[in-house]
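Structural overview for review
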Amino acid sequence: MRPTMFAFSALVLAGGCNPGDFGAALDRAPVQYMGAPDGFGSNAGRTLLPLAPPADKPKVAARLLFASTETQGLALADFDGDGKPQVQTATGDDLGTLGLSSGKGGISSAAWLSGPGTTGTIVLGMPNVFGTQGSGTPAGCVAFLNLVANASGEVDFESARVPQDGAVPGSPGTQPQGHFGLAVARGLVTQTTVDEAVVVSDNGVSVLGVASGLLASTTCMGNLATPPDLHRSLAVADFLSGGNQEIAVGLPVKGGAGRVFILQYGLNPADPTNAFQLFCAGTPIGVPNPVGNPAVGGFGTALAAVPRANGMADLVVGAPPDRAYLFYGDGITSPKMFTNSDPTSEFGQRVALVDIDGDGIKELAITALQADVGSTKKAGRVFVYKLDGDGKTPVAVVNDSNPNANTEFFGIGLAELEFNSSRACAKGKDASLLVAGADAGIFTFFRFTGSAVDPRCFAQK
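Residues numbered from 1 in each chain as written. Predicted model: local features only at pLDDT ≥ 70, side-chain atom pairs only at ≥ 80, totals over all residues. Heavy atoms only, no water.

1. Topic: the overall build of the protein
Regarding its fold elements, the protein presents two helices and 29 strands. When each of the 461 residues of the protein is scored for burial, the buried share is 56%. Within the protein, residue pairs in contact and separated by at least 24 positions form 54% of the contacts whose partners lie at least 6 positions apart. Counting every atom, the protein has about 17800 Å² of accessible surface; 52% of that belongs to carbon and sulfur. (Helix = DSSP H or I, 4+ residues; strand = E, 2+ residues; numbered from the N terminus. Buried < 20%, exposed > 50% of the residue type's maximum accessible area, 1.4 Å probe, protein only. Contact = heavy atoms within 4.5 Å. Areas by Shrake-Rupley, 256 points an atom, 1.4 Å probe, with all protein chains shown as cover.)

Below, the structure written as structure tokens:
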């Protein structure tokens, strides 16, 4: 059993942090390692979903939902003002209500949909759940989950609705999709007032309303060849200035090097019926020179939307083994390339945005899932870059400070966790922390190298 706290190393501080208060800031910051709860199995840190602190728990400064992708496991971590996590796991009855039971796979992805209160509704993708056929390709399903506190103050994991067998709700007789729930995301695709759930399956992409069921679907990309680990990349934002948001879906094994499709809702100029529909907008995004190995990923393995001041978004595309690209909006052209010097590190497997220095501008975190750390082979590292930098020089490098205790898949999950300092013991500056999932647990403490501001240094005088 590894310790939950790590030794701190001296870091270069800048940007307004008071070095004299550094020790106190560390004492108050979330610097924990959470091992996987019993029964989570491997890939415990791949599905990460940051949530707003609950209104009924004023001492909770940050909240993180996480799940097992391979076995039946779902948990919630509440961080107090000192950064100490209190973890609550879903019971077997809760998981059964969600459609998970022994031998039915885990939760591959999760997204938060806005709604009443601070938690709203959470959509969970469960692509390995078998339907009534019980054999062959799992149909998969999604669950809409509400987190409700019981009389004792603990969270009840209550399911609002579970579409069964991967059949899209609201469409009687719909055939199973195949791995329905490969990826899920929050979006405003068909209208602009109520959040929708975007769901990827083997057969296509569907847009669901929490209450109304199927709103739109398409199979314009053809069959989505499933990578061995069932990972599918998905990003939703206004990429094309079309009014509503568009859907970016990565097909890392499509055509060898991989492609990214942009899906748009509206009038399809290629369809003479001119009915509003979800369709592929233009030519898929690729790169001039093929990259990646179809057996392990390739172009489109990871996606992230980068908001712009005008309301539109740029698109980051991970392209292992050694690249990631930033495609700019208004046509998604002229990409900027981020590179890593180690062609075997699987750089580009995961990407995420996080404001590590507290200046209000997001940085880009990119996982090198098989990078060596010291003498530990393939431990995994996360490189952090300025979006307007040269694409080659990271401002920070993140890894497990004790890689021998966690030898694989550091960075298999990435997320930005907002730490609300108004609920901390000593009030200060809010922090945005980069959370990295690994094979056997989740890290909210990092050892940074370089001159980047330590995101834990949020206590300002």
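2. Structural notes on the sheet that holds strand β10 (residues 183-187)
The four strands lie next to each other as β10-β11-β12-β13, forming an open sheet whose pairing is antiparallel. Looking at strand neighbours, the two that pair on one side only are β10 and β13 (213-218), the edges of this open sheet. Neighbour to neighbour, the strand axes of the sheet diverge by 25 degrees on average, direction disregarded. Looking at chain direction, strand β11 (residues 196-200) and strand β12 (residues 205-209) are connected through four bridges and run antiparallel. By the bridge assignment, Val198 is partnered in β12 with Val207. (Pairing = 2+ DSSP bridges. Axes fitted to C-alpha atoms, helices over the stretch in contact; angles between N-to-C directions.)

3. Quick notes on the nonpolar core
Nonpolar side chains in soluble globular proteins tend to end up buried together. One finds Leu65, Leu74, Ile122, Leu124, Leu145, Leu147 and Phe157 to be the most contacted residues of the largest nonpolar core, which totals 22 residues. Elements supplying a minimum of two residues to this core: β2 (47-51), β3 (60-67), β4 (74-80), α2 (92-98), β7 (121-126), β8 (141-149) and β9 (155-161). For this core, the element with the most residues is β8, which contributes four residues. Setting aside its immediate chain neighbours within four residues, Phe157 contacts Leu65, Leu74, Leu76, Gln88, Thr89, Ala90, Asp94, Leu145, Asn146 and Leu147. (Core = buried A, V, L, I, M, F, W, Y, C linked by side-chain atoms within 4.5 Å.)

4. A closer look at unusual backbone geometry
Pro321 follows Pro320 through a cis peptide bond whose omega is 25 degrees. Its identity as a non-glycine residue notwithstanding, His179 has a phi of 55 degrees, on the positive side. Turning to its location among the elements, His179 is positioned in the loop between β9 and β10.

5. A word on the pattern of salt bridges
Under the definition given, this model contains eight salt bridges. The partner of Arg63 in a salt bridge is Asp78, with the nearest N and O atoms 2.6 Å apart. Placement of Arg63 in strand β3 and of Asp78 in strand β4 is noted, with a sequence separation of 15 residues between them. The same class applies to Arg63 and to Asp78, which are both buried. Between Asp314 and Arg308 there is a salt bridge; the shortest N-O distance is 3.5 Å. The network of salt bridges with shared partners includes Lys57, Arg63 and Asp78. (Salt bridge = Lys/Arg side-chain N within 4 Å of Asp/Glu carboxyl O.)

6. Some details on the pairing of β10
Here β10 lies mainly inside the structure; four of its five residues are buried. Bridging between β10 and β11 involves five bridges; their strand directions are antiparallel. Counted as the bridge partner of Ala183 is Val200 from β11.

7. What about the sheet that holds strand β17 (residues 276-280)?
Strand order in the open sheet formed by four strands is β14-β15-β16-β17, with antiparallel pairing between adjacent strands. Two strands bound the open sheet, and with one partner strand each, they are β14 (234-237) and β17. With direction set aside, neighbouring strand axes in the sheet form an average angle of 20 degrees. Relative to strand β16 (residues 259-267), strand β15 (residues 246-251) runs antiparallel, the two sharing five bridges. Pairing of Ala248 across the sheet is with Ile262, part of β16.

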